[in-house]
Amino acid sequence: MQSMELQNTVKEALNALYHHPDDAVRMQADRWLQDFQRTIDAWQVADNLLHDATSNPETLIFCSQTLRSKVQRDFEELPSEAFFQLRNSLNNLLKKFHKGPPIVRTQISIAVAALAVHVPAKDWGDGGIVNWLRDEMNSHPEFIPGFLELLTVLPEEAFNYKIAARPERRRHFEKELTAQMEIALNILTACLNISELKEQVLEAFASWLRLKHGIPGSVLATHPLVLTALSSLNSDILSEASVNVVSELIHYTASKSSGGISVQGPLIQVIVPQVMNLQAQLRDSSKDEEDVKAIARLFADMGDSYVELIATGSSEAMMIVNALLEVASHPEYDIASMTFNFWHSLQVILTKRNSDISFGDEASIEAERNQRLQVFRQSYESLVSLVSSRVQYPQAYQDLSYEDLREFKQTRYDLDGICYVLAVADVLTDAASVLGGDATLQILYMKLLEAISCCGNEHGEWRPAEAALFCIRAISSYVSVVETNVMPQVMDLLPKLPHQPQLLQTVCLIIGAFSKWLDAAPSGFSKLPLVIDILMSGMRTSEDSAAAAALAFRHICDDCRKKLCTYCKELFHIYYTAVNGEGSFKGSADDSLHLVEALSMVITELPPEPAKVALEELCASVITPLQAVINQGPEVFEKKHARELTVHIDRFAYIFRYVNHPEAVADSVHRLWPIFKAIFDLRAWDMRTMESLCRACKYAVRTSGRFMGTTIGAMLEEIQGLYQQHHQPCFLYLSSEVIKIFGSDPSCASYLKNMIEVLFKHTTSLLTSIKEFTTRPDIADDCFLLASRCIRYCPQLFIPSAVFPALIDCAMIGITVQHREASNSVLTFLSDIFDLAKSSKGEQYLSIRDSLIIPRGATITRILVAALTGALPNSRLETVAYALLALTRAYGMQALEWARESVSLIPLTVVKEVERSRFFQALSEAASGADVNTLILSVEELSDVCRRNRTVQEIVQGALKPLELNLVPVL
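About the thresholds
- Residues numbered from 1 in each chain as written.
- Predicted model: local features only at pLDDT ≥ 70, side-chain atom pairs only at ≥ 80, totals over all residues.
- Heavy atoms only, no water.
- UniProt positions renumbered as here; feature names shortened; annotations may be inferred.
- Helix = DSSP H or I, 4+ residues; strand = E, 2+ residues; numbered from the N terminus.
- Buried < 20%, exposed > 50% of the residue type's maximum accessible area, 1.4 Å probe, protein only.
- Contact = heavy atoms within 4.5 Å.
- Salt bridge = Lys/Arg side-chain N within 4 Å of Asp/Glu carboxyl O.
- Phe/Tyr/Trp six-rings, centres within 6.5 Å; stacked < 30°, edge-to-face > 60°.
- Lys NZ or Arg CZ within 6 Å of the ring centre and 35° of its normal.
- Expected span 1.5 Å × (residues − 1).
- Axes fitted to C-alpha atoms, helices over the stretch in contact; angles between N-to-C directions.
- Parallel < 35°, antiparallel > 145°, perpendicular 65-115°, else oblique.
- Left-handed = near helix turned anticlockwise from the far one by under 90°.
- Nonpolar A, V, L, I, M, F, W, Y, C, P; charged D, E, K, R; others polar.
- Lys, Arg positive; Asp, Glu negative; His and termini not counted.
- pLDDT = per-residue confidence, 0-100.

Visitor: Before we go on, may I ask you to explain the UniProt feature "domain: Importin N-terminal" (unreviewed entry) in the protein chain in this structure?
Guide: Feature annotation in UniProt assigns "domain: Importin N-terminal" (unreviewed entry) to the following positions: residues 29-96. Along residues 29-96 the backbone is 78% helical and 0% strand, and the end-to-end C-alpha distance reaches 29 Å.

Written as structure tokens, this is what we have:
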């Protein structure tokens, strides 16, 4: 298609995209335009349309974005001599659009900056792009606004990984900019004389400061750009650009690359007083909220950057702390929360025992630490009072939409009702670390007393009391378990509070949070009847309060289990009331599992015989409804919804997991096996039911171990038969647990060997291509997890078996599966094989391993290199790199040669010789025992080179062909 025709087609497609009434047509136009942007023709067409005076704004925006994207990602498509023509064209466009539209000018500026990342400084003339830009500005002062935008984006593009530049070139570009910083700042200083450009100049200055090049603080302290930004802070209309500059200056003074605080003192002494002068504006009600937010940001930046100086507790430091307290007191949460990171960082420094105190012995160091804590004590006390009201329910919470109310709850609790450690709770725990939990409790208790005065009756204001209790709960782990002054009074207050659902939920949670106190404190256990009544009320009130009450009951039974052994009858009554529907339990089936767990933990503390009786009673309450369903006959049973069965089976999982009486659990499983077998036989097709039942069996095996006796043989026979029919992944993970417990037991060798061969033979017949891995990722994941378990626990059964070679071949097929867990399991299995020499059990099987791996080594290496260079996502690099390293450590020079052969398949235009050599050197050194992090950095660089754009990635994967397996032995 001719260029003019293409230009018209682009215009037509854009018109359809933005204006056609038919969604299908718009989608088709969008797809065509995206495909067009990837073509080589897009360069010329976009350039022509941008120079065309008749192009409308939509065309200009699209073409500027296209040109920017092409320069960033596809610059290598162009011949080397095209640079000057492209630079000149972009320069002309920058001049053409110097007054806008702004979005077009920005895209062109980014394109020029991206071009500078690709092309070495020498190609821009003497001094690189900044000198070139200075000359252009001197020659064409009328276009300075456009050139200023280019000067702003230049340092930003140094860290833009969308640009398909090689890592080495990216590093050189950053060095080039650093070397040209003085020229850039001189250009900006000269532009300050143009008053209407001051904001733009300051934004450009802030951008260059992000390079954090080590300009001496004494130079910056008197620099006109710095002085202009600082003076602009005091203007009636706060300059956003000046705030950005001062913020960057603060970060700059604390950065290692600038020399840090120790050498930036002159600049810090200029910045801090100017920012401190803004403190009064935090209280100015006439100030725009955005201005207040900007000022608060500067104080927060100072706190974060200078926290180590502030921790000295000097009078100047305390002025900054008081300003940060003022920010923390702001009614807008977004503003107040800016300081939260500072309070945490300060706490870490103040409470760190190995503090950098260079004098004295341990006693004097501790004395110095305590003195510092004392200096900041009042500040943290004030902080507790300031933030504790931040968690209060909204005034009109009942009017919130369902989604808004759910979001509010989720910022306070996770799905189990456990404290989410939201920002305010974090601040309270930081304060408790400095003040001590008991002292923080005292402050919050006073808040609670104030709040309770609002709760005089059922219709009183409950929100302040709920917020105070929430805060007390947040610091529960910092309060002494034998505290005697406040906690008894708190517990006495709880029954007197109204049973408002949200308040009751928090009351239940606070009871659970202080379960250790209930066990250990002198008056704690005496409060138990009182709090149990509250929990029972919580179970009947609302879904949220029932969930909180069940969780609290679990905590109490966990921490007070020894004392509760004599109260089994009462505990069973609570359990029956809630779980078996004898009461009006408002919680979900998942919440009821907390009660099962609670009772199971108490049973664990009973002597063997009473424990056996209690366990039988607990199991009977669960099996009865299951037995009733089974008794209705196979047809009815098979039609039941999975949830009707798993609600009961899940309780068995909790019982077998938390009742730590191995022999008693084994006896129970033996008695229950006929019912379990019936469920296996009738519901083997049902994944949810099978997962639930296998989970229960897994915990039974884990708890009972070798007491399982004959039951384990029946269980294995059952699952290996069903697996061949129904391919349920959970049968594999149950087998993994069996291998872990029984793998080294000689008496189990026969049926374990049979199980291994049956399961793996069938799995390898399923996973015959990457498509099958993709379709069945759970089977792949559990299969190779089981295989790794076999290497660890029963190599004597697994490695000599007939299925071992087939499983290695299967793993080679699956290395590049995109499913994260499946991929990790395959790679871990291969790493375990390569690391066999590290295992005392595995050493004797090295000859078998070598006979299988050496013929496949070149292919495995090729696939691993393909995975590193684009066949798998970047997030897997470390796992793949370890597999390659383990292979190299096992086979030394032979593996390095495999790696060399694999990388040599990639064309030199994609990976240069120097880049290859760097990778081989790092791999060789890591295999010899050098720091693995060096290899990871080298792998990341090779990966970056091979993924720099789509075309390169296609070339690399086309060369390495990871899906083609050559399993012919290498002679």
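Visitor: How should the environment of L960 be read in this particular structure?
Guide: Relative to the assigned elements, L960 resides in helix α51 (residues 950-960). Assessed through its relative accessible area of 0%, L960 is described here as buried. It is 9.5 Å that separates the C-alpha atoms of L960 and T869, two residues lying 91 residues apart in sequence. In contact with L960, other than residues within four places in its own chain, are R862, V865, A866, T869, S902, L905 and I906.

Visitor: Whenever I open this one, the pattern of salt bridges confuses me. Can you help?
Guide: Two side chains that carry opposite charge are able to pair once their charged atoms sit near each other. One pass over the full model with this rule turns up 48 salt bridges. With a closest N to O distance of 3.2 Å, K70 and D74 form a salt bridge. With a gap of 4 residues between them, K70 and D74 both fall in helix α4 (residues 57-74), about one helical turn apart. Both residues of the pair, K70 and D74, belong to the buried class. Note that R820 and E821 form a salt bridge whose closest N and O atoms lie 3.0 Å from each other.

Visitor: Help me out: how do you make sense of the packing of aromatic side chains in this one?
Guide: Aromatic ring pairs: the centre-centre distance and the angle between the two ring planes describe each pair. This structure, assessed with the given rule, holds 25 aromatic pairs. Seen from their ring centres, F83 and W124 are 5.3 Å apart, and the 75° between their planes marks the pair as edge-to-face. Taken together, the residues F83 in helix α5 (residues 82-96) and W124 in the loop between α6 (102-118) and α7 (128-139) connect sequence positions 41 residues apart. In terms of burial, F83 and W124 fall into one category: buried. For the pair Y654 and Y658, a centre-to-centre distance of 5.8 Å together with 45° between the ring planes defines the contact as tilted. Here Y654 and its partner Y658 are both found in helix α36 (residues 642-658), 4 residues apart, which amounts to about one turn of the helix. Judged by relative accessible area, Y654 falls into the partly exposed class, the value being 24%. Taken together, the aromatic side chains of F760, F773, F784, F798, F804 and F829 make up a single cluster linked through ring pairs. In this structure, R900 is placed above the aromatic ring of F920, and the distance from its NZ or CZ to the ring centre is 4.5 Å.

Visitor: Looking at this structure, I do not really get helix α27 (residues 501-513). What am I missing?
Guide: Residues three or four positions apart in an α-helix share a direction because the helix packs 3.6 residues into each turn. Here α27 spans 18 Å end to end across 13 residues, near enough to the 18 Å set by a 1.5 Å rise per residue. Along α27, the positions that sit buried rather than exposed are Q502, L503, L504, Q505, T506, V507, C508, L509, I510, I511 and G512. Buried positions along α27 lie against α25 (463-474), α28 (515-520), α29 (528-541) and α30 (543-559).

Visitor: Help me out: how do you make sense of the packing of helix α32 (residues 568-579) against helix α33 (residues 589-604) in this one?
Guide: Geometry of a packed helix pair, given as the angle between the helix axes and the separation of the axes. Put simply, α32 and α33 touch, their axes get as near as 10 Å, and they point 165° apart. Compared by their axis directions, α32 and α33 come out roughly antiparallel. Here α32 and α33 pass one another in a crossing that is left-handed. Across the interface between the two elements, C568, L571, F572, Y575, A578 and V579 of α32 pack against S592, L595, V596, L599, V602 and I603 of α33. Considered class by class, the residues forming the contact of α32 with α33 number 11 nonpolar, 1 polar and no charged.

Visitor: Teacher, can you tell me more about the side chain of R87 here?
Guide: Within the secondary structure layout, R87 lies in helix α5. As a buried residue without a salt bridge, R87 has its nearest oppositely charged side chain in E136, at a separation of 6.9 Å.

Visitor: Which parts of the structure should I look at to understand the confidence of the model for the protein chain?
Guide: Note: predicted coordinates in regions of low pLDDT should not be interpreted at a detailed level. Looking at the protein chain, pLDDT values average 89 and 95% of them are 70 or higher. In the predicted structure, residues 413-421 sits below a pLDDT of 50 and forms 26 contacts with residues beyond four places in sequence or in another chain. Here residues 967-971 scores under 50 on pLDDT; set against residues more than four positions off or in separate chains, the count is 5 contacts.

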